[in-house]
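Coordinate analysis (summary)
The primary structure of each chain is shown beneath.
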Amino acid sequence: MRLDKFLANSGIGTRKEVKEILKNKKVSVNNVFVKDGKIHVDEEKDIVKYENKIINYKPFVYIMMNKPAGVISATEDSHHKTVIDLLNDEYRTYDIFPVGRLDIDTEGLILLTNDGILSHNLLSPKKHVDKKYYVKITKSLSEDDIKTLENGIKLEENFITKNAKVEIICNNSEKESEDFDFGENENNKNENSVYITISEGKFHQVKRMFKAVGNEVLYLKRVKMGNLLLDENLELGGYRELTQKELNGLRN
């Protein structure tokens, strides 16, 4: 791999910035200062240092973010803030993109990476990767509503949803269980709320599914994707890199 690419992929700077860094003799390869970014290095064997600190090469990054409402799942937009805008400069040299999308008013788990293969595997319809959502709705669900949601609903474009799973959290103002703490106050704890798990990601799918059974979604938050569970300690807009265990779970 070319040295300039190695440095850029390691988050040292953009290609233009790397050129200036090399010019100022701030980079050494096997303890020899190098100014030419075109030379090739072995990312596993060669010892590359920037300002006398060893660079641990990291070609891919995997970031869990708790997306806030009002932010779109895109790399750039002229009207709205994007999930990429929320990242600090540490990641600006990586070509990071969101894996899939959440609606602008939907909160919760979104994965950001520059790993195209992993992204494809998570989004491929053939993989059937589950997505779990916490949903507040206007009224309680009947047993028939639950069966309809779980057994497939025909949406407007003649698309029939795959089997889903509905878990009641609070129905008919009776709080039964809750795995996540979303900072609810006493005034809204008795609102009707459920978890729904689906394996697709059609436009506004969860909202349209509930609409089909005569209900309306008031609040929507994704809490799980595949084996990846949203970190409860992440505030809205917060993010962190995945642990190796989390990454292995996604890959499997």
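The rules we used
- Here the residue numbering is sequential within each chain, running from 1 through the sequence in written order.
- Under the rules for a predicted model, residues below a pLDDT of 70 receive no local features and side-chain atom pairs below 80 are neither given nor counted, while totals for whole chains, interfaces and linings still include all residues.
- To obtain the side-chain values, all non-hydrogen atoms of the structure were used and water was disregarded.
- For the domains described, the bounds stem from an automatic or database domain assignment.
- Working definition of a nonpolar core: buried Ala, Val, Leu, Ile, Met, Phe, Trp, Tyr and Cys residues. They are joined through side-chain atoms within 4.5 Å.
- Think of it in three bands: with a 1.4 Å probe and only protein chains considered, a residue is buried below 20% of the maximum accessible area for its type, exposed above 50%, and partly exposed in between.
- Secondary structure elements follow DSSP: runs of H or I no shorter than four residues count as helices, runs of E no shorter than two count as strands, and numbering proceeds from the N terminus.
- One requirement defines pairing of two strands: DSSP has to find at least two bridges between them.
- Any pair of Phe, Tyr and Trp rings, taking the six-membered ring for Trp, is counted once the centres come within 6.5 Å. Such a pair is stacked with planes under 30 degrees apart, edge-to-face with planes over 60 apart, and tilted for the rest.
- Two thresholds decide whether a charge sits over a ring: the Lys NZ or Arg CZ must be within 6 Å of the ring centre and within 35 degrees of the ring normal.

So, about the domain arrangement of the protein chain. Taken domain by domain, the protein chain comprises domain 1 (3-54), domain 2 (60-128 + 232-251) and domain 3 (130-169 + 191-225). Each of domain 1 and domain 3 has a C-alpha centre, and the two are 50 Å apart.

Core analysis: the largest hydrophobic core is formed by 33 residues, its most contacted members being Val135, Leu141, Ile196 and Phe210. Secondary structure elements with two or more residues in this core: β5 (62-67), β7 (107-113), β8 (131-137), α4 (143-151), β9 (165-171), β11 (193-198), α5 (205-212) and β12 (217-225). Residue-level mapping places this core at the junction of two domains, with at least three residues from each of domain 2 (60-128 + 232-251) and domain 3 (130-169 + 191-225). The next biggest cluster of nonpolar side chains, apart from the first, holds 15 residues, and it includes Val99, Met225, Leu228 and Leu247.

Our focus in this paragraph is the pairing of β11. Within β11, six of the six residues are buried, leaving the element largely enclosed by the surrounding structure. Of the two faces of β11, both are covered, the one formed by Ser193, Tyr195 and Thr197 as well as the one formed by Val194, Ile196 and Ile198. Across six bridges, β8 lies against β11 in antiparallel orientation. Paired with Lys136 across the bridge in β11 is Ser193. In this sheet, β11 lies alongside β9 in antiparallel orientation, the contact comprising five bridges. When the sheet's bridge partners are listed, Glu167 is paired in β11 with Tyr195.

Each aromatic ring pair is characterised by the separation of its centres together with the angle its planes make. For the coordinates displayed, the defined rule picks out four aromatic pairs. When the centroid spacing of 4.9 Å and the interplanar angle of 15 degrees are considered together, the rings of Phe6 and Tyr57 count as stacked. With Phe6 in helix α1 (residues 3-9) and Tyr57 in the loop between β4 (53-54) and β5, this pair connects stretches of sequence that are 51 residues apart. Each of the two residues, Phe6 as well as Tyr57, counts as buried. With a centroid separation of 6.3 Å and an interplanar angle of 70 degrees, the aromatic rings of Tyr91 and Tyr239 are classed as edge-to-face. Note that Tyr91 is positioned in the loop between β5 and β6 (97-98) and Tyr239 in strand β14 (residues 239-241), a separation of 148 residues in sequence. Overall, the relative accessible area of 8% leaves Tyr91 in the buried class. Every member of this aromatic cluster is reached through a ring pair, and the members are Tyr134, Tyr195 and Tyr219. The ring of Tyr219 carries Lys136 above its face, with NZ or CZ at 5.4 Å from the centroid.

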